[in-house]
Amino acid sequence: MQVKSANMKHSETDQVSLELGRRVAERLRWQPELVAFASANLARWSRQNASVPSLLRCYAEWQDILSHPVDEIRDLLCSASDDAQRLRQNSPFAGVLPSAEVWEVKSRFHHAPATA
């Protein structure tokens, strides 16, 4: 669920990531089978990035998280903590949300007025 775009500030990227995480968490409430989808993403990414230890560590951390109860996964996806923010940078739930919805969220935050 990589959300960084060339014109987005870091704070906007974090806001987008959190909103997308919240939307995935809502879907998990009704579709807990999405955990298997995320696990399949991790397996594929691990094969594709086998020579990148930092990514493999992240994928292993997510795989451990996916073994927890769905409510705990949902809580993490909705958390504003630094750890959750870091984990959402490589969310295995990429592909869960339709691309149109992802772009709508990105556009909304990118064009929102800055808050002080």
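Throughout what follows, the structure given in this document is the object of discussion. In this text, all values refer to a predicted model and were calculated from it rather than measured experimentally.

## Examining the overall build of the protein chain
And then number 1: Looking only at helices and strands, the protein chain has six helices and zero strands in total.
And then number 2: Secondary structure elements in the protein chain, listed N-terminal to C-terminal, are α-α-α-α-α-α.
And then number 3: Counting over 116 residues, the protein chain shows a buried share of 40%.
And then number 4: Considering only contacts in the protein chain between residues 6 or more positions apart, those separated by 24 or more positions represent 72%.
And then number 5: Taken as a whole, the protein chain presents about 6,700 Å² of accessible surface, with 55% of it coming from carbon and sulfur.

## Some remarks on the pattern of salt bridges
And then number 1: With the rule as written, the count across this model stands at ten salt bridges.
And then number 2: A salt bridge links Glu104 to Arg23; the nearest nitrogen and oxygen atoms lie 3.4 Å apart. Placement of Glu104 in helix α6 (residues 99–110) and of Arg23 in helix α1 (residues 10–30) is noted, with a sequence separation of 81 residues between them.
And then number 3: Glu104 gets classed as partly exposed once you look at its relative accessible area, which sits at 35%.

Procedures and definitions
Residues numbered from 1 in each chain as written. Predicted model: local features only at pLDDT ≥ 70, side-chain atom pairs only at ≥ 80, totals over all residues. Heavy atoms only, no water. Helix = DSSP H or I, 4+ residues; strand = E, 2+ residues; numbered from the N terminus. Buried < 20%, exposed > 50% of the residue type's maximum accessible area, 1.4 Å probe, protein only. Contact = heavy atoms within 4.5 Å. Areas by Shrake-Rupley, 256 points an atom, 1.4 Å probe, with all protein chains shown as cover. Salt bridge = Lys/Arg side-chain N within 4 Å of Asp/Glu carboxyl O.

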